[in-house]
Amino acid sequence: MKRELGRRSSWRFMGLAGGLLLTLFVDGASAQERGAHFEFDRLSDHLGGRQSTVYEIFEDPFGFLWFAGDTDGILRFDSEDWVSWSDGLIENNARSNISTLRVSDDGRLWVGSWGNGLQYWDADKQTFVQFLPDAADPHALAANRVQRLMIDSRGRLWIGTTAGINVIDSGEPDAIRRFAHDQPDHPLYSERIWGMVEHDSGLWFATSGGLYRLSHDLSEWTHLLMDESAAERFERGAEVRTVAVAHDQIWAGSQLGVFRWNAEDDSLSRIEFEADPRRSMPRVNAILESRRGGIWVGAHDGLYRIDEHAPRFELLENGYHLIPDVDIRALYEDTEGNLWIGSRDRGIIHGQRHDRVFNRLAEAAPAELADEASRLTSAILTDHSGRLWLGVPGGLLRRDDEDRWSAWEFPASTGVRRVEGMAQSAAGTVWVATDSGLFRITKDDRLQADDRLFKALNIAAAPVNAILADDDQGLWLGLWNFGVVRWNPETGEVSIGAEELRDTRADLVYQLNRDETGGIWAATRYSGIFHFNGDGWQSVPIQLGSRQHAPSFYCIHHRPPETLWLCTEDGLVRYRLADGDAEIYSSADGLPTNQITGLVEGESEDLWVLTSRGVARRMPDKERFVNYGLADGLPGLAVQRNALDRTPEGQIVIGTSNGAVTLDPESLARGLNAPRAVLSRVWLDGEELTRSINPARLQLALPSDHRDLLLQFAVLDFHEPERNLARVRLRGYEPSFSELNGNRELRYMNLPPGDYVLEIEGWSSRGVPGEAPLKIPIQVAAPWWHSPLAWIAAVLLLAALGWLMIQLRLRALRASNKRLQELVEERTQALEAANQRLRERSARDFLTGLFNRRGFSERFGVLQQLAVRGKSDLAVVLFDLDHFKRINDKHGHEIGDQFLKVVGKVLSDSLRGQDLAARWGGEEFLLALPGTNAEGAVQLCEKIRSRLAAAQIRAQNQVLRITATFGIVSRNGDDRPLESWVKVADEAMYRGKQQGRDQVQVFSNDNDL
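Here the structure is a predicted model, which is why all the values come from computation and not from measurement.

(A) Inspection of the overall build of the protein at higher detail. When you go through the protein residue by residue, the secondary structure sums to 11 helices and 73 strands. A burial count over the protein gives 54% of its 1009 residues as buried. Counting only contacts in the protein whose residues sit at least 6 apart along the sequence, the fraction spanning at least 24 positions is 55%. Accessible surface computed for the protein: about 46,100 Å², of which carbon and sulfur atoms make up 47%. One way to put it: in the protein the 114 positive side-chain charges average out to a point 6 Å from where the 146 negative ones average out.

This is the structure in structure tokens:
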């Protein structure tokens, strides 16, 4: 059945009214802003989310974000974790109500408070140093209420208070002086300072008495009023609440609105609402230059935006202002264009920027088809006329070049569940391959089943998994568990190839592709790669490392003259036919995951790659990938296998589980920021040393008797920070970098004495590496007996004693030779036993008593060899404690360690002697169960899960319980490496996580992993 509908006339996203969660589309004057939108949400994090009023937000020279407020005082954010920095603040007359912060280039944290003056954090002495007013000292702090701090280009710290200004010169942190201390009639001597900024024209000060400009040599000043009549008519009418440099111009804000300084006549002009000149002006508290063009304005009633070129307030989709009824006190825009907003009584609001790289076709579809267009799209075709065809569950959608939409439904009797592919023959007929046979669009635009091929083959209708049209009105069809068939619908001619697919149960062709010479390439599930060159089908052996069998090849693309690009579960493969050389690109090279499910070549020789976790683009001139996901407008990370096409206009169309999307590669001209890795937190033997580390002089000195070094780091990229990756190496201890992963913690136990350098290389969620690794020198002191003098003294003493003993007891030694020999043998045995205990300890996790990753890996090979030799079952179980990070964050690492100890005890009591158990990392545990099939493994896991659930741990008058999610894989006589077992067990466990946690899931080979 076909339905025809006109184009959709209008559409928009609707925000959620409750809880301050809304979506904004910004379609500003600058091209960079078109298509971008923001989602604003009040933070709900246990620390960042409990703030009430936030007065200032800024980024320090090292990339951290800092927040000054009245709840926790000082907060630092590293893109994922919040840290309170208020411990140790000196409080004299009031609680720690922090109004302003700065971090100087030497790593010193400066804090301005309301009632407790000025303080700075001395990392060496582990204390705050305070400055307060002193009537006997003309250079003392002007007032104990500090409103604003500024560090100028000379490194001077300017302190604006409610009663004047102080200055601290660079390099002299303890020498404070009062500005104009000998000029009490100077207009800035006792003014209340609301804001300060440096500009080529001088230093600018927003004060209660107006706007002041001070020359760079501090000798001349100029006073400007926003509105002289208002200054006389209104209380605080002259007050200027903020001043900022935006796009190299001076902007100021007050209760009268926003004003711009005109350098030509040294005057201020008000910014108007051109579309509504009678609209009252907002009371402005903050002004911020947008990195993408335009100016953000924070006011008493929400967020505004100014077009700096007009200049005027921009009329946005829902009016002039956003997040209404929020009193904004601070604004910051990070490198990705996300907004951080400090408000009065509403805490921190985050505005996530989405650049809309992808455009959802469902949003342009008629309302009657919007739901169907938002469903899983498994196949895409752009036909000769430029019409776009989409395969959706139970039917087809088509959009023509005039945005008219049509829809077809498969008759229920056909049993069609999935469209596998589409192709248009040379005659212009559109053919549709499905899991229930072959269909075509007739000349009168009807969807019709076509069983002529199956009758010619004398078989029942079968799934058609791949389809390709050639130039001779022929179709190439991949039939499930049958082979590749070339069929000419006009003549009925049929030929069959790649019949090896019949040798393996459930084998199929994932994709058919044609090269420039007319040759046909086939990528299969189990049988490898096939090539048809006109003389017949030939198997093309592809050797990938030490694999003993071919992987599943999900797609194939031939790039002239001799290169094949192949999609596999192990990564993207570039294979050179001339010499058989294969390069595998995986998550270690910046891809979001190793499972590659499709690709298409762009017009600029770039590759667009589909993965199980989003879309990646391989840049044509660089060996790197740029990743795109939810923050770029992708409606879901589950993109569909080979569901992509390139239109004649160069657009890329991709099918996802939530509908199809389009993107224009030419619109991606904006450069991507290289992320920065930072050291966030440090613990040594359980004691946190974070605040003793100066970020300007990153180095760690460890005593010789240290046991446990725990480091937490971050990759500072705010696009999708949870998908940032890193790889690390401790130079002098580890020979190479680790694989890229999302782990943010490093732990080193009992490092030997010596000098090391920890190198951390960060990668953003889009696959962009940092410009250079973060390098942290680590020095582990040697014990005193390792010093050269101690060794020399010991050697001399031993030599003297030895000589004396030889002289005095030569006869006794000869007589006791036999006894000494026996003693040597005893000592040798004891030493061997001690060495064995040391080896055993190095293979164990000190907290749980279970094997660690290394100990497990060494022993797993033995179990696997026995299982392969005996052709017996072997099960591997990966399980993860549910919500463990939440428990750590809420109750502390001590309670978390108790959880881990309980898990170790339960496993020790539950497993057999021949079973292996390891703490695989953090809250993950890995089991190896020889002679155990999937059913037996499930029974054991359920027993363990029940025992864990029965365990109780008390914390803060609460009874905490343990739940865990288990993933199981069981194989018989399988010699694949441990990484393969862990991978599929992790997939099963991840499915359990998605289905609600606290359960046992078994990996199934039918999952197409």
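What follows continues from the structure just given.
(B) Summary view of the nonpolar core. The biggest cluster of nonpolar side chains holds 33 residues, and the ones touching the most others in it are Phe879, Leu881, Leu907, Leu927, Ile944, Leu948 and Phe966. At the level of elements, strand S67 (873-881), helix H8 (884-891), helix H9 (893-910), strand S69 (924-930), helix H10 (934-950), strand S70 (952-955) and strand S72 (964-972) are the ones that each hand at least two residues to this core. At six residues, the largest contribution of residues to this core is made by H9. Setting aside residues no more than four positions away along its own chain, Ile944 makes contact with Val906, Leu907, Ser910, Leu911, Leu927 and Phe966. Of all hydrophobic cores here, the second largest spans 25 residues; its members include Leu679, Ala726, Leu751 and Val780.

(C) Examining helix H11 (residues 978-994) more closely. Helix length check: H11, at 17 residues, gives a terminal C-alpha distance of 24 Å against a target of 24 Å (1.5 Å per residue), a fit within 8%. What H11 keeps buried is the set Leu978, Ser980, Trp981, Val982, Val984, Ala985, Ala988, Met989, Gly992 and Lys993. Where H11 is buried, its residues touch helix H7 (853-870), S67, strand S68 (916-921), S69, S72 and strand S73 (1000-1002). The first or second residue beyond H11 is Gly996, which carries a positive phi of 120°.

(D) Molecular detail of the domain arrangement of the protein. The assigned domain composition of the protein is domain 1 (364-409 + 598-671), domain 2 (681-786) and domain 3 (868-1002). Computed over C-alpha atoms only, the centres of domain 1 and domain 2 are separated by 40 Å. At the interface, 12 residues of domain 1 touch eight residues of domain 2. Connecting domain 1 to domain 2 are one salt bridge. Between Arg766 and Asp632 there is a salt bridge; the shortest N-O distance is 2.3 Å.

(E) Just the packing of H9 against H10, in detail. Where H9 meets H10, the axes come as close as 10 Å, and the angle between the chain directions of the two elements is 140°. Classed by the angle they form, the pair H9 and H10 counts as oblique. Viewed along their axes, H9 and H10 form a crossing whose handedness is right-handed. Contact residues: Val903, Val906, Leu907, Asp909 and Ser910 in H9; Leu940, Lys943, Ile944, Arg947 and Leu948 in H10. Considered class by class, the residues forming the contact of H9 with H10 number six nonpolar, one polar and three charged.

(F) Summary view of the state of the cysteines. Following the criterion strictly, the structure yields one disulfide and no others. Two residues, Cys555 and Cys567, share a disulfide whose sulfurs are 1.7 Å apart. With the S-S bond torsion at 50°, the cross-link from Cys555 to Cys567 turns out right-handed. Of this pair, Cys555 sits in strand S48 (residues 555-559) while Cys567 sits in strand S49 (residues 563-568); the two residues are 12 residues apart in sequence, bridging distant segments of the chain. Overall, Cys555 belongs to the buried group, its relative accessible area being 0%.

(G) Region of interest: the packing of aromatic side chains. In total, this model carries 39 aromatic pairs according to the counting rule given. Between Phe358 and Tyr628, the ring centres sit 6.2 Å apart and the planes meet at 85°, which makes this aromatic pair edge-to-face. Residue Phe358 is found in the loop between strand S30 (348-354) and strand S31 (359-360), and its partner Tyr628 is found in strand S55 (residues 625-628); the two are separated by 270 residues along the sequence. With a relative accessible area of 0%, Phe358 lands in the buried category.

(H) The arrangement of the sheet that holds S72 in detail. Taken together, five strands build an open sheet; the order of strands is S68-S69-S67-S72-S73 and the sheet is mixed. With partners counted over all chains shown, the strands left at the sheet margins are S68 and S73, one partner each. Taken over all neighbouring pairs, the strand axes of this sheet differ in orientation by 20° on average, direction set aside. The pairing of S67 with S72 spans nine bridges and is antiparallel. Residue pairing across strands places Ala875 opposite Ser970, the latter belonging to S72. Sitting on the sheet, H7 is in contact with S67, S68 and S69, with an inclination near 140° to S68. Of the strands in this sheet, S67, S69, S72 and S73 touch H10, which is tilted by about 160° from S72.

Quick notes on the rules
Residues numbered from 1 in each chain as written. Predicted model: local features only at pLDDT ≥ 70, side-chain atom pairs only at ≥ 80, totals over all residues. Heavy atoms only, no water. Helix = DSSP H or I, 4+ residues; strand = E, 2+ residues; numbered from the N terminus. Buried < 20%, exposed > 50% of the residue type's maximum accessible area, 1.4 Å probe, protein only. Contact = heavy atoms within 4.5 Å. Areas by Shrake-Rupley, 256 points an atom, 1.4 Å probe, with all protein chains shown as cover. Lys, Arg positive; Asp, Glu negative; His and termini not counted. Charge placed at Lys NZ, Arg CZ, Asp CG, Glu CD. Core = buried A, V, L, I, M, F, W, Y, C linked by side-chain atoms within 4.5 Å. Expected span 1.5 Å × (residues − 1). Domains from an automatic or database assignment. Salt bridge = Lys/Arg side-chain N within 4 Å of Asp/Glu carboxyl O. Axes fitted to C-alpha atoms, helices over the stretch in contact; angles between N-to-C directions. Parallel < 35°, antiparallel > 145°, perpendicular 65-115°, else oblique. Left-handed = near helix turned anticlockwise from the far one by under 90°. Nonpolar A, V, L, I, M, F, W, Y, C, P; charged D, E, K, R; others polar. Disulfide = S-S within 2.5 Å. Phe/Tyr/Trp six-rings, centres within 6.5 Å; stacked < 30°, edge-to-face > 60°. Pairing = 2+ DSSP bridges.

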